[in-house]
Amino acid sequence: MKHMPENKHYLPNLDNVSILAAVIILAYTLPHFVSLPPWQIEIQVLGVYIPIILDFSTIIAILITGLTATGAVWLLHDHPHLEKNQIIVQHWLLPSLTALVLWLSIEQLPFGGQWWIVASASGIVLMLVLVAEYIVLAHDNPYYIPASIGITAISLSLFLILAVALHAAEVRLFFRVPALSFAAGLVLLRIIYLRAQGKWAFKEAIIVFFLVGELAAGLHYWPIKSITFGIALLGLTYAIVELSENLLAPEPKTLFQTILGPILVLAIAWGVAFALGGG
């Protein structure tokens, strides 16, 4: 019998990971070579007229998200510990969000040498996320702890990048608030699922959805820097993550232990954010 490599059960096929990352980067380039006329959709919400413009960039955003999700599922189905009919939706959410946020960020750059450098770095980050999601599918993987730490760090970093990018681009409040609220909910769900041994914190995700949305709407009218806006939202999101983890801990904690960490996180984050000054 042919001997299988020892890391076969621990890491995905890196060739497949590279191919998927390369295909997604090629999708990033499409708006620079293909141009289609935009479509305008007119809707009314509570008597408010809202024109929505669908351009080729919007189509690319949908394409990138779907392509990454499909590719992540393709990689994960090669995992030897994957059971039949096992739900793996939690493992392709972060790669899809990663590909989308990275694309939104690099699209702000002029197409050229700098663009390709940043796009290549984005491809490396995406590969790391895909590998990490493959690793955490099995709890007995020796790389599980560093992979879970990496997923947590990348999730929070992506949320910060998204918040800063939307604020810097002066995206309308009608689109900014739902995007940030939804992203905060996904970040909490993914991190708590890792830390709480497979528990879905849907109630906590709904709470962070509304609180982050309220804060984003309130800060929308303040003359602050984009980085201040992003760190303020990130601090609230991570504080609720910490609070949710404490509440879902197998061993009950005192009220002081439960809220001390989140309060410190929030105080430090908001202190740093507003120490940077206004706009």
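Please read these numbers as outputs of a predicted model, since none were measured by experiment.

Its place among the elements puts Gln197 in the loop between helix H6 (173-195) and helix H7 (202-219). Taking the C-alpha atoms as reference points, Gln197 and His139, 58 residues apart in sequence, are found 9.1 Å from one another.

Moving on: empty space enclosed by the protein. A complete count under the given rule lists two cavities of 30 Å³ or more for this structure. In this model, the largest cavity occupies a volume close to 50 Å³. Lining the largest cavity, in full, are Leu93, Leu94, Leu97, Ser155, Leu186, Val187 and Arg190. Elements supplying a minimum of two residues to the lining of the largest cavity: helix H3 (89-106) and H6.

Another aspect to go through is the confidence of the model for the protein. For the protein, mean pLDDT is 83; residues scoring 70 or higher make up 90% of the total. Considering only residues more than four positions removed or in separate chains, one finds that residues 1-7, a stretch of pLDDT under 50, has zero contacts.

Before going further, it helps to examine the packing of helix H4 (residues 113-135) against helix H5 (residues 144-168). For any two helices packed against each other, the geometry comes down to the angle between their axes and how far apart the axes lie. Remark: H4 packs on H5, axes separated minimally by 9 Å, with the N-to-C direction vectors making an angle of 130°. Our classification of the angle between H4 and H5 gives oblique. Considering the relative orientation of H4 and H5, their crossing is left-handed. In contact with Val129, Ala132, Glu133 and Ile135 of H4, H5 contributes Tyr144, Ala147, Ile151 and Ile154. Residue composition of the contact of H4 with H5, grouped by class: seven nonpolar, no polar and one charged.

A word on a nonpolar patch on the surface. Taken together, the side chains of Leu30, Phe33, Val34, Leu36, Trp39, Ile41, Leu54, Ile59, Leu63, Phe111 and Trp116 make up a nonpolar region of the molecular surface, amounting to roughly 950 Å² of accessible area. Breaking the nonpolar patch down by element, the ones donating at least two residues are strand E1 (39-45) and helix H2 (56-76). By the element assignment, Phe111 lies in the loop between H3 and H4.

One can find Val171 in the loop between H5 and H6. Accessibility expressed as a relative area gives 22% for Val171, which makes it partly exposed. On a C-alpha basis, the gap between Val171 and His220 in space is 9.9 Å, while along the polypeptide they are 49 residues apart. Those residues within four positions of Val171 in sequence are excluded, and the remaining contacts are Leu166, Arg176 and His220.

For the rest of this paragraph, the subject is the packing of H2 against H4. In contact at an axis separation of 10 Å, H2 and H4 are set at 45° when each is read in the N-to-C sense. Comparing the axis directions of H2 and H4 gives the class oblique. Our pair here, H2 against H4, has a crossing hand that is right-handed. Contact with H2, carried on its side by Thr68, Ala72, Leu75 and Leu76, involves Leu126, Leu130, Glu133 and Tyr134 of H4 and no other residues of that element. Across the contact of H2 with H4, the residue classes break down as six nonpolar, one polar and one charged.

Thresholds, definitions, all that
- Residues numbered from 1 in each chain as written.
- Predicted model: local features only at pLDDT ≥ 70, side-chain atom pairs only at ≥ 80, totals over all residues.
- Heavy atoms only, no water.
- Helix = DSSP H or I, 4+ residues; strand = E, 2+ residues; numbered from the N terminus.
- 1 Å grid on protein atoms, 1.4 Å probe; cavity = no way out; pocket = protein on both sides within 12 Å on 5 of 7 lines; lining within 4 Å.
- Points joined across faces, edges and corners; volume = space filled by probe spheres on them.
- pLDDT = per-residue confidence, 0-100.
- Contact = heavy atoms within 4.5 Å.
- Axes fitted to C-alpha atoms, helices over the stretch in contact; angles between N-to-C directions.
- Parallel < 35°, antiparallel > 145°, perpendicular 65-115°, else oblique.
- Left-handed = near helix turned anticlockwise from the far one by under 90°.
- Nonpolar A, V, L, I, M, F, W, Y, C, P; charged D, E, K, R; others polar.
- Patch = residues over 30% accessible without salt bridge, like charges linked within 9 Å, V, L, I, M, F, W, Y side chains within 5 Å.
- Areas by Shrake-Rupley, 256 points an atom, 1.4 Å probe, with all protein chains shown as cover.
- Salt bridge = Lys/Arg side-chain N within 4 Å of Asp/Glu carboxyl O.
- Buried < 20%, exposed > 50% of the residue type's maximum accessible area, 1.4 Å probe, protein only.

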